[in-house]
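# Examining the three-dimensional arrangement
What follows is each chain in one-letter form.
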Amino acid sequence: MAVRQADVVLVGGGVMSATLGMMLRQLDPSLDIVMVERLDHVAHESTDGWNNAGTGHAGYCELNYTPETENGDVEIARALQINAQFEVSLQFWSYLVEQGILPEPSTFINRTPHQSFVWGEKDVAFLKRRFQKLKAHHLFREMEYTENPEDLAEWMPLVVSNRDPMQKVAATRIKHGSDVDFGSLTRSMVKWLETQPNFELMLSCPVHYIDQRDNGRWKVRVKNQKTGELTKLEAGFVFLGAGGGALPLLQKSGIDEARGYGGFPVSGQWLVCQKPDVVKAHHSKVYGKAPIGAPPMSVPHLDTRIINGEPALLFGPFAGFTTRFLKQGSVFDLFGSVRATNLRPMLSVSKSNMDLTRYLIGEVFQSHTDRVESLRNFFPDAQEDDWALQMAGQRVQIIKQTAEGGGKLEFGTEIVAAKDGSLAALLGASPGASTAANAMLNVLERCFPEKMQSAEWQERMKELVPSYGQTLVEDEQLLNKVRERTLSTLNLV
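A brief report on the enclosed structure follows. (Residues numbered from 1 in each chain as written. Predicted model: local features only at pLDDT ≥ 70, side-chain atom pairs only at ≥ 80, totals over all residues. Heavy atoms only, no water.)

Turning to the pairing of strand β2 (residues 33–36), a few remarks are in order. Side chains Ile33 and Met35 project from β2 onto one buried face, and the interleaved Val34 and Val36 project onto a second face that is buried too. Where strand β1 (residues 3–11) meets β2, 4 bridges bridge the pair, whose relative direction is parallel. By the bridge assignment, Val11 is partnered in β2 with Val36. With helix α1 (residues 15–27) bridging β1 and the parallel β2, this β-α-β connection has right-handed handedness. Pairing between β2 and strand β8 (residues 199–202): 4 bridges, direction parallel. Considered in β8, the bridge of Met35 is made with Leu201. (Buried < 20%, exposed > 50% of the residue type's maximum accessible area, 1.4 Å probe, protein only. Helix = DSSP H or I, 4+ residues; strand = E, 2+ residues; numbered from the N terminus. Pairing = 2+ DSSP bridges. Right-handed = clockwise from strand over helix to strand, strands pointing away.)

See the structure below:
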């Protein structure tokens, strides 16, 4: 069997691998890059438009990014961090649009106001405190707040129409929020990469074997599911960007850094409406507060979506319990991920999160009527027949080993990299795709440290992401400069 030599192997055809491949191609066009994908086309698992919220996660409307402390304060550090990270993505996409690498922006990103909506005295008071803290920071200076019925009727007509006039409600808004079709974005990036020399896309080719040779290079064996042909790849660097499939592959790699990691899989569903008169009446993403006991990524929201050019409204997500790590995975995925090194952390998490497990199982058994009733908290006039249930993607939340040997359930994303920088994996979920550019910069800094510190790559990075090496959280002047460019280039003004 012939061995295909490469500089880089990207495992998974989603937004993370595509972003890393695109960055590497811009930094060093001579690199030989191979992307392998288990399905017969790219961006069809978590990256697909129907499998994620499509929210350009910037912390504008997601209340779970600004938790309330025990003393009633609102913690905004994570919202600031996520906002700055999304700005990195916007800069990178703007560069690709300007270079003609990405098509017209509306094919993958569209201006969609980001709004938060709450009801009841307690939550209204929380939203007002949140607004006051965020508004004081330059990243959120354009945020608006209202309790005025006339403003609300303009901002979110479906949400306030025929609502109880005695119910106390409030909302915030950022006009330049966005809806992102990450599937279309990724397919456009991969399509361009395929036109470049030294890039190969291998579809229908799941990874069966991965191991590091004595010389530090990685052996990766894939099998074409259509032809049965086995291919051996050998590369100096491997990135595992396979969504829920990244954890099992990371475990197969055998690197020390993988020890103690486990996964907690969660499925999702949307209510979808494509009735033209309803869809046209709502143009925003309206986020509320998560139900008690729900995982943080289950914050309910009523969203304008444009997927593959077609408008729709989505409401959800309705979480569910699953043992699959991928939407098109196996029911044995969870059990197959159990190792001696992560058994105790996984048992610890399952024991301490029984409320979450019960919540997820309860979500599975909801009827269509139950789900529409939840929707009516956001859209009082919603009609059952206008909405259909659609499966969303799978998410695998990170289980990490604690210093005491137990386990902790994490709800973010995390890069796990080998100490020699020859392999990296992305684990976790939200904010996920929105911060892909920032996450992949993290991979480059950890796995290509010498090249990233070179004058050539430093100069190139400044072209790709003008704010690179600086902090948008602290530098208001820099933010003004890059935001003016990105909002104009991507038609988000």
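Back to the text.
The nonpolar side chains of soluble globular proteins are, as a tendency, buried together. Ranked by size, the top nonpolar core spans 86 residues in total, and within it Trp93, Phe239 and Met440 carry the most contacts. Ranked by the residues each element gives to this core, the list is headed by helix α2 (residues 77–98), at 12 residues. If we ignore the near neighbours within four places in the chain, the residues touching Phe239 are Val9, Leu10, Val11, Met16, Ser17, Leu20, Ala424, Ala425, Leu426, Met440 and Val443. Membership of the second largest hydrophobic core comes to 41 residues, among which are Val34, Val238, Leu249 and Leu423. (Core = buried A, V, L, I, M, F, W, Y, C linked by side-chain atoms within 4.5 Å. Contact = heavy atoms within 4.5 Å.)

It is worth spelling out the packing of aromatic side chains at this point. Scanning the entire structure with this criterion turns up 12 aromatic pairs. Taken together, a centroid distance of 5.7 Å and an interplanar angle of 85 degrees make the contact between Trp119 and Phe378 edge-to-face. Of the two residues, Trp119 sits in strand β4 (residues 114–119) while Phe378 sits in the loop between α12 (368–375) and β16 (388–391), which places them 259 residues apart along the sequence. For Trp119, a relative accessible area of 27% puts it in the partly exposed group. With relative accessibility at 2%, the residue Phe378 sits in the buried group. Geometrically, the ring pair formed by Phe379 and Trp387 is edge-to-face, given 6.4 Å between the ring centres and 65 degrees between the ring planes. Accessibility classification places Phe379 together with Trp387 in one group, the buried group. Among the aromatic residues, those joined into a ring-pair cluster are Phe117, Trp119, Phe315, Phe318 and Phe378. The residue whose ring lies beneath Arg163 is Trp119, and the NZ or CZ to ring-centre distance is 6.0 Å. (Phe/Tyr/Trp six-rings, centres within 6.5 Å; stacked < 30°, edge-to-face > 60°. Lys NZ or Arg CZ within 6 Å of the ring centre and 35° of its normal.)

Between α1 and helix α13 (residues 436–447), the least distance of the axes is 9 Å, while the angle of their chain directions is 60 degrees. For the element pair α1 / α13, the angle class is oblique. As α1 runs across α13, the sense of the crossing is right-handed. Facing α1, whose interface residues are Val15, Met16, Thr19, Leu20, Met23, Leu24 and Leu27, α13 presents Ala436, Ala437, Met440, Leu441, Val443 and Leu444. (Axes fitted to C-alpha atoms, helices over the stretch in contact; angles between N-to-C directions. Parallel < 35°, antiparallel > 145°, perpendicular 65-115°, else oblique. Left-handed = near helix turned anticlockwise from the far one by under 90°.)

Before going further, it helps to spend a moment on unusual backbone geometry. Between Gly316 and the following residue, Pro317, the backbone shows a cis peptide bond with an omega angle of -5 degrees. One can find Pro317 in strand β15 (residues 310–321). Positioned with a positive phi, Asn162 is a non-glycine residue whose angle comes to about 60 degrees. Mapped onto the fold, Asn162 is located in the loop between α5 (157–160) and β6 (169–174). The exposure class assigned to Asn162 is exposed, which follows from its relative accessible area of 62%.

No statement about biological role is implied by the geometric values presented.
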